[in-house]
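# Structure at a glance
Okay, here's what each chain looks like letter by letter:
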Amino acid sequence: MPNEMTIEENVLYIEALSHALRDEMRHDPSVMLMGQDIAGHGGAFKITKGFLDEFGPQRVRNTPIAESGTIGIATGAAILGQRPVIEMQFADFISCGFNQLVNVAAKMYWRTECSVPLVIRMPGGGGMGAGAFHSQNVESWFLHSPGLKVVAPAFSDDAYRLLRSAIKDPNPVIYFEHKFLYRRERTDLKGTEIGDRVVGEANVRRSGQHLTSISWGWMTHRVLEAAEIMAAEGIEIEVIDLPVLSPLDLDPILQSIEKTEHVAITHEATRTCGFGAELAARISDEAIWNLDGPVRRITYPDSPSPFNKKLEADRIPSVDVICDGWRQALQS
Amino acid sequence: MMDQPANSSPSNTGAPPEVSPAAAWLDTGSDHALREMHAYMRLTREWDLRYEKMFKTGALSKWYSSVGNEAATVAAASAIEKGDALVSLHRDAGAILRHYVNIETLIPEIFPSNMNLIRQPLGGDSRERLFRLACQMLGRQHGYSAGHERSYHYNHMEPEHGLIHIGMISHLGSMIPVAAGAALSFQQQKSDRVAINFIGEGATSTGDFHEGLNIASVWKLPFILIIENNHWAFSTPTSQQYACDNLASRAIGYGMAGVEVDGNDPIAMHQVMQEAVQRARSGEGPTLVEAHVGRHRGHSEGDDSLDQVPGDELRGYLENDPMDLIETRMVNSGIVSRAWLEEIREKCAALIMEVVDEAMSMPEPEPNSDRSIHAE
Ligand SMILES: Cc1ncc(C[n+]2csc(CCOP(=O)(O)OP(=O)(O)O)c2C)c(N)n1
Ligand SMILES: [Mg+2]
């Protein structure tokens, strides 16, 4: 089947996801979708609206409310040649399928040399006053589980390209898509080459010589805004976006630090054992002699997400908080 | 089965155990059926006895015995064919050996020349499979996981021979959805192949038992889950595990077929399995089989969990050893003599001894930390 590619201007993040799924399903008949309410209803966020009509009930399957059962069944089918893409209704619910993911799917290749081409789409993140169970950023759980790949795109073009690569990848990929970006972020889909697997990517989205900022997902957008403000103060931030968290492409980060001698990591996930901690450790291992100050982390506190939007906003790193964090990093 | 409640067919029971009609088999070549079951049961028994002995001498650090489960597992795997998926657990040596090995190529005199086989063996090299299986048990480089995984925790695929075997992870219940997923892949490919999976009665209490069976039934997957009910889970008796009369009746709650069967009777077990496989192949969905077997050994070799089993109960299990039952049945029906049975036992034991010794002499894996966590 032709490897058709959607090329469009000004595409919403959520549409990029739909396009990627549809294009990959047209391209590869072994791709199948599973999830709660994804068939007739098109999913909680309508990403698979119309898919049932185009691809039929065998390839677009509503599942019962059974995250563990669904991930397990997808894993078994993947071992024997299917390419299931599961939609978690909300990323938070992955905890109910945790064992299947970290023990069965993640370890399968190492244990048995059977590959598990499985994608789990994870609508995650906060900013919408959705409370403690519809707002979490749980990437660390999976970064700590060898065998999984972890993707968290910030831009529509990356979202499209990486979802297609994730589906082609012979390994289980946890694909974090940020709900706050769904209907806010727009980028052109230009028809760049689609990889046949997910590889580490660290993209410089803005260059600067004073401080290296590392972020992913929604936070990259706040970081870019904050970098504008700092530029007005004469401080140039180098913004590195990580659309792929695992495998990690560390080299561009180290190269940037060699130039800036300062680094700050911004993430929406809670602080302790967040990916920022691992990045800080790697940077210390590899580049501590290039640093002119401590590695700073600008993160959510170690707290569940409150329902009240004001309370929530107080916890998510804001543009101001990010700027303050950078100023402190540069003072030290 | 979805639009028919689970009690509409004779093989669906929520009610008391059905005595399976073994008589039909006895009329039509029962001696052949018995001989075939017996051959693999004996091979399995000798397989286990060998490792139990090695455990006692300290040559092996851990062993979960399949002794007592041979009739149920050999009969279950006798109902599947090339291209079907076997998903096994820790007491399923019988199913694995039945599926992997053409015993006639290893012990040519084991069957008479005019024998009608219940199931065709897979092609390929049986001796090599047996040898690699022994290497796997002993953590050797030539094992199916090259020493990285324990005993039955491995997969083995030989697509050219239609061998699909997915082994277990430790977490009980986890493999039920995975096995149902193998069945889903067959449904997606519009093939008539089926997946069978085993579970102990203890692990029927897990969430994955419920989630896996429910989805399998809603999607009518060609899937058979066999509960090997030995009435004990480590030290926990069924009275502390579940409060229903029997586990087969849970099938009613899932809208699928459920059958309770004497797992010490390989002919009855095979009949139940054949019906279940037929149901699955013809698109009628999954079956839950509850096979009652005896608790012959402790949870794992060397622990004292068997002490928890009351003396009378344990005696009942030992008196109904499926190996003794089938051999007595064969002798009483004049199929073979005691002397012949002893001869076959010795041949199986010698074969296992030879293969395991050979595996013992094989190299252990070199220390490495570069085994890939990702497929390329
Ligand atoms: C999820 C999980 N919890 C606990 C254990 C530890 N464990 C291993 S075997 C076993 C008993 C299993 O009993 P049963 O399912 O009846 O199988 P049997 O050993 O009797 O064949 C237990 C508790 C485990 N392996 N997995
Ligand atoms: Mg048990």
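Structure: see above.
These notes cover the structure that comes with them. Keep in mind it's a predicted model, so treat the numbers as computed, not measured. (Residues numbered from 1 in each chain as written. Chains lettered and ligands numbered in written order. Predicted model: local features only at pLDDT ≥ 70, side-chain atom pairs only at ≥ 80, totals over all residues. Heavy atoms only, no water.)

Residue and element names in this part refer to chain B. Strand order in the open sheet formed by 7 strands is E2-E3-E1-E4-E5-E9-E8, and the pairing between neighbours is mixed. The outermost strands of the open sheet, each flanked by one partner alone, are strand E2 (155–158) and strand E8 (257–262). Mean inter-strand twist for the sheet, computed between neighbouring axes without regard to direction, equals 15°. Sheet topology note: the strand E4 (residues 195–200)/strand E5 (residues 223–229) ladder contains 6 bridges and is parallel. Bridge pairing links Ile 196 to Ile 224 in E5. Of the strands in this sheet, E5 and strand E9 (287–292) touch helix H8 (residues 207–218), which is tilted by about 145° from E5. (Pairing = 2+ DSSP bridges. Helix = DSSP H or I, 4+ residues; strand = E, 2+ residues; numbered from the N terminus. Axes fitted to C-alpha atoms, helices over the stretch in contact; angles between N-to-C directions. Contact = heavy atoms within 4.5 Å.)

This next bit is on the packing of aromatic side chains. Going through the model one piece at a time under the given rule, you end up with 17 aromatic pairs over all chains. Pairing A:Phe142 with A:Phe176 gives two aromatic rings, centres 6.5 Å apart and planes at 45°, and the pair type is tilted. Within this pair, whereas A:Phe142 is found in helix H5 (residues 139–143), its partner A:Phe176 is found in strand E7 (residues 173–178), the two being separated by 34 residues in sequence. Ring centres 5.6 Å apart and planes at 65° place the aromatic pair A:Trp216 and A:Phe275 in the edge-to-face group. Residue A:Trp216 is located in the loop between strand E10 (211–215) and helix H8 (218–232), and its partner A:Phe275 is located in helix H10 (residues 275–287); the two are separated by 59 residues in the primary sequence. Comparing A:Trp216 with A:Phe275, the two get one shared label, buried. An aromatic cluster of three or more residues is present, and its members are A:Tyr13, A:Phe45, A:Phe90, A:Phe93 and A:Tyr182. Over the ring of B:Trp340 we find B:Arg35; its NZ or CZ atom is 4.7 Å from the centre of that ring. A cation over an aromatic ring shows up here: B:Arg371 above the ring of A:Trp110, its NZ or CZ 5.7 Å from the ring centre. (Phe/Tyr/Trp six-rings, centres within 6.5 Å; stacked < 30°, edge-to-face > 60°. Buried < 20%, exposed > 50% of the residue type's maximum accessible area, 1.4 Å probe, protein only. Lys NZ or Arg CZ within 6 Å of the ring centre and 35° of its normal.)

To continue, consider the coordination of the magnesium ion (ligand 2). Residues and elements named next belong to chain B. Within the protein, the magnesium ion (ligand 2) binds to Glu 201 (OE), Glu 201 (OE), Asn 230 (OD1) and Trp 232 (O); these donor distances fall in the range 2.0 to 2.8 Å. Geometry at the magnesium ion (ligand 2) is irregular, judged from its 6 donor atoms and the angles of 50 to 176° they form at the metal. The motif formed by the donor residues of the magnesium ion (ligand 2), counted along the single chain, is E-x28-N-x1-W. Assigned by exposure class, Asn 230 and Trp 232 land together as buried. (Donors = N, O, S within 2.8 Å, 3.2 Å for Na, K, Ca; no water. Tetrahedral: all angles 85-135°; square planar, octahedral: opposite > 155°, others 65-115°.)

Let us now look at empty space enclosed by the protein. Leftover empty space is mapped by rolling, across the atoms, a probe with the size of a water molecule. Residues and elements named next belong to chain A. Going through the model one piece at a time under the given rule, you end up with 5 cavities of 30 Å³ or more. Volume-wise, the largest cavity comes out at about 150 Å³. In terms of lining, the largest cavity is formed by 18 residues, of which the most central are Asn 137, Glu 139, His 178, Trp 216 and Gly 217. Broken down by secondary-structure element, the contributors of at least two residues to the lining of the largest cavity are strand E5 (119–124), E7, H8 and strand E12 (263–270). Residues that form the lining of the largest cavity fall into these classes: 9 nonpolar, 6 polar and 3 charged. (1 Å grid on protein atoms, 1.4 Å probe; cavity = no way out; pocket = protein on both sides within 12 Å on 5 of 7 lines; lining within 4 Å. Points joined across faces, edges and corners; volume = space filled by probe spheres on them. Nonpolar A, V, L, I, M, F, W, Y, C, P; charged D, E, K, R; others polar.)

Looking along the chain, the bond that leaves A:Ser246 and enters A:Pro247 is cis, with omega of 5°. For A:Glu113, which is not glycine, the phi torsion reads 60° and is therefore positive. Examined against the element boundaries, A:Glu113 turns out to sit in the loop between helix H4 (98–112) and E5. One non-glycine residue with positive phi stands out, namely B:Ala146, at about 50°. Mapped onto the fold, B:Ala146 is located in the loop between helix H6 (126–137) and E2.

Turning our attention to the pattern of salt bridges. All names here are of chain B. The full count for this structure, using the stated rule, is 42 salt bridges over all chains. For Asp 321, the salt bridge is made with Arg 45, and the minimal N-O distance between the two is 2.9 Å. Within this pair, whereas Asp 321 is found in the loop between helix H11 (311–319) and helix H12 (322–332), its partner Arg 45 is found in helix H2 (residues 30–56), the two being separated by 276 residues in sequence. On the basis of relative accessible area, Asp 321 is assigned to the buried category, the value being 9%. (Salt bridge = Lys/Arg side-chain N within 4 Å of Asp/Glu carboxyl O.)

Residues and elements named next belong to chain B. Ligand 1 sits among 15 residues. The nearest are His 90, Arg 91, Glu 201, Gly 202 and Trp 232. At 2.9 Å from an oxygen atom of ligand 1 is found a side-chain nitrogen or oxygen belonging to Glu 201. Between ligand 1 and the protein, one listed contact pairs an oxygen atom with a side-chain N or O atom of Arg 295 at 3.2 Å. Relative to its unbound accessible area of 580 Å², ligand 1 is 70% covered by the protein chains. For the shell around ligand 1, the residue count by class is 5 nonpolar, 7 polar and 3 charged. (Near = heavy atom within 4 Å. Polar contact = N/O pair within 3.5 Å; in protein donor to acceptor, adjacent residues only side chain to side chain. Areas by Shrake-Rupley, 256 points an atom, 1.4 Å probe, with all protein chains shown as cover.)

Glancing now at the side chain of B:His296. Within the element layout of this structure, B:His296 appears in the loop between E9 and H11. Apart from residues no more than four positions distant in its own chain, B:His296 is found in contact with B:Val67, B:Gly68, B:Leu306, B:Tyr317, B:Leu318, B:Asp321 and B:Pro322.

This part covers the nonpolar core. Counting 162 residues, the largest nonpolar core has A:Phe142, B:Trp47 and B:Phe223 as the members making the most contacts within it. No other element matches the 10 residues that H2(B) contributes to this core. When residues of this core are assigned to domains, at least three map to each of domain 1 (11–189) and domain 2 (201–331) of chain A. Setting aside residues up to four positions removed in sequence, B:Phe223 forms contacts with B:Ile176, B:Ala179, B:Ala180, B:Ala183, B:Ala195, B:Asn197, B:Leu213, B:Ala216, B:Ala280, B:Pro286 and B:Thr287. Counting 41 residues, the second largest nonpolar core, distinct from the first, contains A:Val31, A:Phe51, A:Ile194 and A:Ile316. (Core = buried A, V, L, I, M, F, W, Y, C linked by side-chain atoms within 4.5 Å. Domains from an automatic or database assignment.)

Further remarks concern the state of the cysteines. This model, assessed by the stated rule, comprises 0 disulfides over all chains. With no disulfide partner, B:Cys135 has as its closest neighbouring cysteine sulfur the one in A:Cys114, 19 Å distant. Under the relative-accessibility criterion, B:Cys135 is labelled buried at 0%. For the unlinked cysteine B:Cys348, the closest cysteine sulfur is that of B:Cys135, found at 20 Å. (Disulfide = S-S within 2.5 Å.)

Another aspect to go through is the interface of chain B and chain A. By convention, interface size is frequently given as the accessible area that disappears when the constituent parts associate. With 37 residues of chain B at the contact, the number on the chain A side is 39 residues. On the chain B side of the contact with chain A, B:Gln188, B:Trp219 and B:His374 bury the most area, a combined 18% of that side's loss. Connecting chain B to chain A are 2 salt bridges. Among the salt bridges present, the one from A:Arg111 reaches B:Glu149, with a minimum N-O distance of 2.4 Å. One can count 23 residue pairs in polar contact (both at pLDDT 80 or more) joining chain B with chain A. Only E2, strand E3 (163–166), helix H7 (175–188) and H8 of chain B provide two or more residues apiece to the side of chain B that touches chain A. Element by element, the count of residues in the side of chain B that touches chain A is highest for H7(B), at 10 residues. Looking at the side of chain B that touches chain A residue by residue, the class counts come to 17 nonpolar, 14 polar and 6 charged. (Buried area = accessible area lost by both parts, 1.4 Å probe.)

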